[in-house]
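# Breakdown of the fold
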Amino acid sequence: MRSAAAQAFISDLETEDVESFTDTALGDDLTELRRTMDRIEFQFSRRLDLFARRQGFVAFGFVTLISWLRRACRLSPGAASQHAELARNLASLPETSTAFAAGEIGFHHAAVIAHSVTEVGAEAVVRQEATLLEAASKLDPKFLSYVTRQIRHCQDPDGTLADANENHERRYLHLSQTFGGLFVIDGRLDAEGGATLRAALNALDEPWKADDTRSGSQRRADALIELARQRLDAGNLPEVGGQKPHLSVTAPISTLLKDPGCAAGELEWSQPITADTVRRIACDCAMTRVLLAPNSEPIDVGRCTRTVPPALRRALVVRDKHCRFPGCDRPADWCDGHHLVHWSDGGETNLGNTCLLCRRHHRFVHELGWQLRWSAGGEIIAIKPWWMGSAKSAREAA
Ligand SMILES: [Zn+2]
Ligand SMILES: [Zn+2]
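As the structure is a computational prediction, the values presented were derived from the model and not from experiment.

Across its full length, the chain carries 17 helices and 13 strands. Against the compact-globule benchmark of 21 Å for 398 residues, the chain has a radius of gyration of 32 Å, which places it well outside the compact range. Projected onto the principal axes, the alpha-carbon positions of the chain cover approximately 85 × 55 × 40 Å. A burial count over the chain gives 19% of its 398 residues as buried. Counted over contacts in the chain with a minimum sequence separation of 6, partners at least 24 positions apart contribute 47%.

This is the structure in C-alpha cells:
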C-alpha cells in the first residue's frame, strides 16, 4: 500500500459498526464515501494522463494504454476507454478539473464532459464549461449527457445527424417462440421509435393500485398486448388473405364443455392452449361452427356469429361502463363480455348473465378460478379460489 495514511483510512472503515447507524447517518456516510472515491478518481486521472503521455505502459510490456488498464487495473474494455478519455481530456478543462478534484462533481459527470471534448473539441466545451458544471451540480450524469448532446448538436449538426441515422439503421425486433410455447422479444429502437412505443405503452399502463401484484415489466408486457389487441379489435388494419387480421382458435365442442380428457384448443400455428383459455376466448368472440365427418372432412360450415352480439355489447357498455370486477375501473374498450354461466354450459346470452371484464380479470375468472356472482344490490361479488387462502370476496377484502 502506498501510504500508511490510506491504510489507516481503510482500517477505520472496516472497524466501524455500520449496523448501529440510523438510515440518515448511513445515507450521509455513503454519500461522503462516494465523494471521497470521486476525489481519488481525479488523482487517478491526473497520474494516468502523465503515464499515457510518457507511454509508461510500454515498460510493462503492453502495446496500448487500454490493454494495460484492462490487465493491470482490472477494468472492462468500456471502463478502460472511459478512464483513458477522461485522463486525456481533463488537462484542457481547468474548471472541471478543479470541481472534480474537490469532489464537487462525480467521476461520471467528469467523464460526460470529457467525452464532449472528444466529440466537439476542447474549445467549444471550455466556452460552455461554467454552464456544464452548473448543470452537473443539479443533474445526474445521464441528464448531463443530454446537455452535452445539445452542445454537440449546435457545434456538429452533420455528425449528430450521421449518428442518428446510424442508430436508426441499427433498429431490429426479434419475436421468436420457444419449444415451451413462450414468445421471446428482443429488439433495439432508435430514440424516436423507442419514445413512441413508450408513450403508447404508458398510455395503456394504469396508475398502480395496492392490490395490483404485477411487476413493472409484467405491466409493460400487458400494455403491449393490450396495444395490439385494441388495434386488432378496431378492425382497421389491412386485410391479410382476404380477412381482417385476428386471433384464431380451433377447438372441438368437448374442449368448450371441458369434458374430462378433452383435447387442448389450438391457436393458429398449432399452438395448444388450455380448455379454460378456450372458454375465456369463446366467452366473447366471433365464432364459426364447423361440422366434421368421421374422417375429419368438414361437411358443413355455419355462419360466423358473435357470442356477445353487437346489441348486447352496446347494452353492456351502457350498463357497466367499465370492468365490473370489484375495485376495477378499466374502461369498456379494454373489456370482454363475460358469461357468468358459460354459454357452452347452457348460460344465456343476455344482460342478466353477462358483464364486462377487463382482460386481466377475465383471466382471473377462467384461468385462476375466481367465481363471480350478482349480489342482491346488483353488484358483482368476486370469490377467491380456495388455493389463494381466505375465501373472502374481493369486495369484503377491500
Ligand atoms: Zn368469460
Ligand atoms: Zn378489471
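We are not done yet, so read on.
The general pattern is negative phi for most residues beyond glycine and trans for most peptide bonds. Residues other than glycine seldom take positive phi values, yet Gln55 does so here, at roughly 55 degrees. One non-glycine residue with positive phi stands out, namely Arg74, at about 55 degrees. Mapped onto the fold, Arg74 is located in the loop between α3 (65-72) and α4 (77-90). Note on Arg74: 9 C-beta atoms within 10 Å, which makes it exposed.

Many authors give the size of an interface as the accessible area that is lost as the parts come together. Per the domain assignment, the segments of the chain are domain 1 (4-168), domain 2 (172-204 + 215-234) and domain 3 (249-397). Placing the centre of domain 2 and that of domain 3 at their C-alpha centroids yields a distance of 25 Å. Classifying every residue of the side of domain 2 that touches domain 3 by side-chain character gives no nonpolar, 2 polar and 2 charged.

The set of residues buried in helix α8 (residues 129-138) consists of Leu132, Leu133 and Ala136. Projected down its long axis, α8 carries its buried residues within an arc of 100 degrees, all on one side. Exposed positions of α8 whose direction lies more than 90 degrees from the buried face are Ala130, Thr131, Glu134, Ser137 and Lys138. Residues of α8 that are buried sit in contact with α5 (94-101), α6 (107-120) and α9 (141-155).

Turning our attention to the sheet that holds strand β4 (residues 265-267). Strand order across the open sheet formed by 3 strands is β3-β4-β5, with antiparallel pairing between neighbours. Lying at the two open borders of the sheet, with one neighbouring strand each, are β3 (249-250) and β5 (272-273). Two strands pair when backbone bridges link them, and β3 and β4 are joined in this way by 2 bridges, in the antiparallel orientation. Paired with Thr250 across the bridge in β4 is Glu266. Packed onto the sheet, helix α14 (residues 275-283) meets β3, β4 and β5 and runs at close to 70 degrees relative to β4.

Its location among the elements puts Phe325 in the loop between α15 (310-320) and β10 (335-339). Classification of Phe325 as buried rests on a count of 25 C-beta atoms within 10 Å. Note: C-alpha distance between Phe325 and Leu356 (31 residues apart in sequence) is 8.3 Å. If we skip the residues at most four places from it in the chain, Phe325 touches Leu357, His361, Phe364, Ile380 and Ala382.

In this section: the nonpolar core. Counting residues in each nonpolar core, the largest one holds 27 residues, and the members touching the most others are Ala110, Ile113 and Ala114. Within the residue set of this core, elements represented by two or more residues are α2 (23-53), α3, α4, α5, α6 and α8. Top element by residues in this core is α6. It accounts for 8 residues. With residues up to four places along the chain from it excluded, the contact list for Ala114 reads Glu85, Leu86, Asn89, Leu90 and Leu93.

Burial runs low along strand β1 (residues 172-177): only 0 of the 6 residues are buried. Hairpin connection of β1 to strand β2 (residues 183-188): 5 residues between the antiparallel strands, including Gly181 at a positive phi of 95 degrees.

Let's shift gears to the pairing of β2. The buried count for β2 comes to 0 of 6 residues, which makes it a mostly uncovered element. Here 6 bridges tie β1 to β2, and the two strands are oriented antiparallel to one another. For His174, the partnering residue across the bridge sits in β2 and is Asp186.

Packed helices, taken two at a time, are described by the angle between their axes plus the distance between the axes. At a closest axis distance of 8 Å, the pairing of α2 and α4 adopts a crossing angle of 85 degrees. Overall, the two elements α2 and α4 adopt an arrangement that is roughly perpendicular. Side by side, α2 and α4 meet where Ser45, Leu48, Asp49 and Ala52 of the first sit next to His83, Ala84, Leu86, Ala87, Arg88 and Leu90 of the second. Class assignment of the residues belonging to the contact of α2 with α4 gives a composition of 6 nonpolar, 2 polar and 2 charged.

Right, let's talk about the confidence of the model for the chain for a bit. For the chain, mean pLDDT is 90; residues scoring 70 or higher make up 97% of the total. Of all secondary-structure elements in the chain, the lowest mean pLDDT belongs to helix α17 (residues 394-397), at 48, while α4 reaches the highest, 97.

Reading the values: rules and limits
Residues numbered from 1 in each chain as written. Chains lettered and ligands numbered in written order. Predicted model: local features only at pLDDT ≥ 70, side-chain atom pairs only at ≥ 80, totals over all residues. Helix = DSSP H or I, 4+ residues; strand = E, 2+ residues; numbered from the N terminus. Rg over C-alpha atoms; globule rule 2.2 N^0.38 Å. Buried ≥ 20, exposed ≤ 12 C-beta atoms within 10 Å, placed from the backbone. Contact = placed C-beta atoms within 7 Å. Domains from an automatic or database assignment. Nonpolar A, V, L, I, M, F, W, Y, C, P; charged D, E, K, R; others polar. Arc of directions from axis to C-beta. Pairing = 2+ DSSP bridges. Axes fitted to C-alpha atoms, helices over the stretch in contact; angles between N-to-C directions. Core = buried A, V, L, I, M, F, W, Y, C linked by C-beta atoms within 7 Å. Parallel < 35°, antiparallel > 145°, perpendicular 65-115°, else oblique. pLDDT = per-residue confidence, 0-100.

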